[in-house]
Amino acid sequence: FCQLTLPKPATNQLSSRDLWAIAHTAHLRVGLYYLCTKCNKWHLNLAAGYALTKDGAVATCYHVVAPPDSLKEGFLVVADENGEMFPVTEILAANQALDVCILRVAAKNLKPLPLNTEIFPGDRCVCFSDPLGERGYYSEGIVSRFLTTRAGRRRNRGDSPSEAATRLDVTTDWAPGSSGAAVLDNCGNAIGYIVSDCIAGA
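Along each chain, the written sequence defines residue order, and numbers are assigned to residues from 1. Totals for whole chains, interfaces and linings use all residues, but because this is a predicted model, local features are given only for residues with pLDDT of at least 70 and pairs of side-chain atoms are given and counted only at 80 or more. Derived side-chain values reflect all non-hydrogen atoms in the structure, with water molecules and hydrogen atoms excluded from consideration.

So, about a nonpolar patch on the surface. Among the surface-exposed residues, Tyr33, Trp42, Leu44, Phe75 and Met85 lie close enough to one another that they form a single nonpolar patch of about 510 Å² accessible area. Mapped onto the elements, tyrosine 33 comes out in strand β1 (residues 27-36). Burial classes: relative accessible area under 20% of the type maximum marks a residue as buried, over 50% as exposed, and values in between as partly exposed (1.4 Å probe, protein chains only). Its relative accessible area of 36% is what places tyrosine 33 among the partly exposed residues. Only residues whose relative accessible area exceeds 30% and that take part in no salt bridge are eligible for patches, with like-charged residues grouped when within 9 Å of each other and nonpolar side chains (Val, Leu, Ile, Met, Phe, Trp, Tyr) grouped when within 5 Å. For the area figures, the Shrake-Rupley method with a 1.4 Å probe applies, and any residue is considered shielded solely by the protein chains shown. Salt bridges are defined by distance alone: a side-chain nitrogen of Lys or Arg within 4 Å of a carboxyl oxygen of Asp or Glu. Strands here are runs of E lasting at least two residues and helices are runs of H or I lasting at least four, both read from the DSSP assignment and numbered beginning at the N terminus.

Here the focus is the pairing of strand β11 (residues 182-185). Neither face of β11 is exposed, since Ala182 and Leu184 on one face and Val183 and Asp185 on the opposite face are all buried. DSSP calls a pair of strands paired once it identifies at least 2 bridges connecting them. Two elements, strand β8 (residues 124-129) and β11, share 3 bridges in a ladder whose sense is antiparallel. Residue pairing for β11: cysteine 125 is matched across the bridge by aspartate 185. As paired strands, β11 and strand β12 (residues 190-194) are joined by 3 bridges and run antiparallel to one another.

In these notes, a set of buried Ala, Val, Leu, Ile, Met, Phe, Trp, Tyr and Cys residues joined through side-chain atoms within 4.5 Å is what counts as a nonpolar core. Membership of the largest hydrophobic core comes to 38 residues, with the highest contact counts inside it found for Leu28, Val30, Tyr50, Val65, Val105, Leu110 and Leu113. It is β1 that provides the largest number of residues to this core, a total of 5 residues. Two residues qualify as a contact provided that any one of their heavy atoms is within 4.5 Å of a heavy atom in the partner residue. Dropping the residues within four chain positions of it, leucine 110 is found in contact with Leu28, Ala51, Thr53, Lys54, Gly56, Val58 and Phe86. Counting 11 residues, the second-largest nonpolar core is a separate cluster that includes Cys125, Leu168, Val170 and Ile194.

Now for helix α1 (residues 16-26). Because an α-helix packs 3.6 residues into every turn, residues spaced three or four apart end up facing the same way. Residues of α1 that are buried include every one of Leu19, Ala23 and Ala26, and no others. Taken down its axis, α1 places every buried residue within 70° of arc, on the same side. Starting at the helix axis, one direction is taken to each C-beta atom, and the arc is that of these directions.

The next subject is the pairing of strand β5 (residues 71-79). In this sheet, β5 lies alongside β1 in antiparallel orientation, the contact comprising 8 bridges. Residue tyrosine 34 lies in a different strand from β5, and its bridge partner there is glycine 74.

This part takes up unusual backbone geometry. Of note in this structure, asparagine 40 is not a glycine but carries a positive phi near 60°. Note on asparagine 40: relative accessible area 54%, which makes it exposed. One non-glycine residue, leucine 132, lies in the positive phi region at around 55°. Looking at the element boundaries, leucine 132 is found in the loop between β8 and β9 (137-149). Take leucine 132: its relative accessible area is 63%, and that puts it in the exposed class.

Turning our eyes to something else, we now look at the state of the cysteines. A covalent bond between the sulfur atoms of two cysteines is what we call a disulfide. Disulfides are defined as pairs of cysteine sulfur atoms found within 2.5 Å of each other. Counting across every chain of the model gives 0 disulfides. With no disulfide of its own, cysteine 2 lies 9.5 Å from the sulfur of cysteine 101, the closest cysteine sulfur. Overall, cysteine 2 belongs to the partly exposed group, its relative accessible area being 27%. Cysteine cysteine 39 shares no disulfide, and the gap to the nearest cysteine sulfur, in cysteine 36, comes to 3.9 Å. The exposure class of cysteine 39 is partly exposed, given its relative accessible area of 35%.

Dropping the structure here:
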């Protein structure tokens, strides 16, 4: 675990264009640059994340930064939407069962998203991500429901038992490659992030 000083939630409702600008600026690409034991080549495998603080705390999914079996050596990296790369200097917190990880990145001027947990089904939401390697896809939708995974439930065969967690179903679009991308409310606060077929709450 870690303790962070987070920005206060925004309260002004924004236009679609303004939400796109905030989501685009805050979007980070997170993943591994690694040497593969199978082909002896270096691979860059990036998904998504978003800044929690200006001075380098970044949230993403646990599975985004988990090393593959074929890793011989490698580095965790983060890139912003301008293509600037930052090394990951520390893992501040991680929970495999909840699929969450908070990283410390060597950056001092990130654009953090405030967090908001005061959301309800029917609320408007947006997502900016890179589905299937296609950069910069923006979509809008609503929060459609809350669901709670049961402690001990396995999402996939071979998974370890999961902890109980609140998830959100939303009607925004995403696809593989979007893991870790923030889902924002209509004021530009992060309400969760993409984990797989649903959204983990902020």
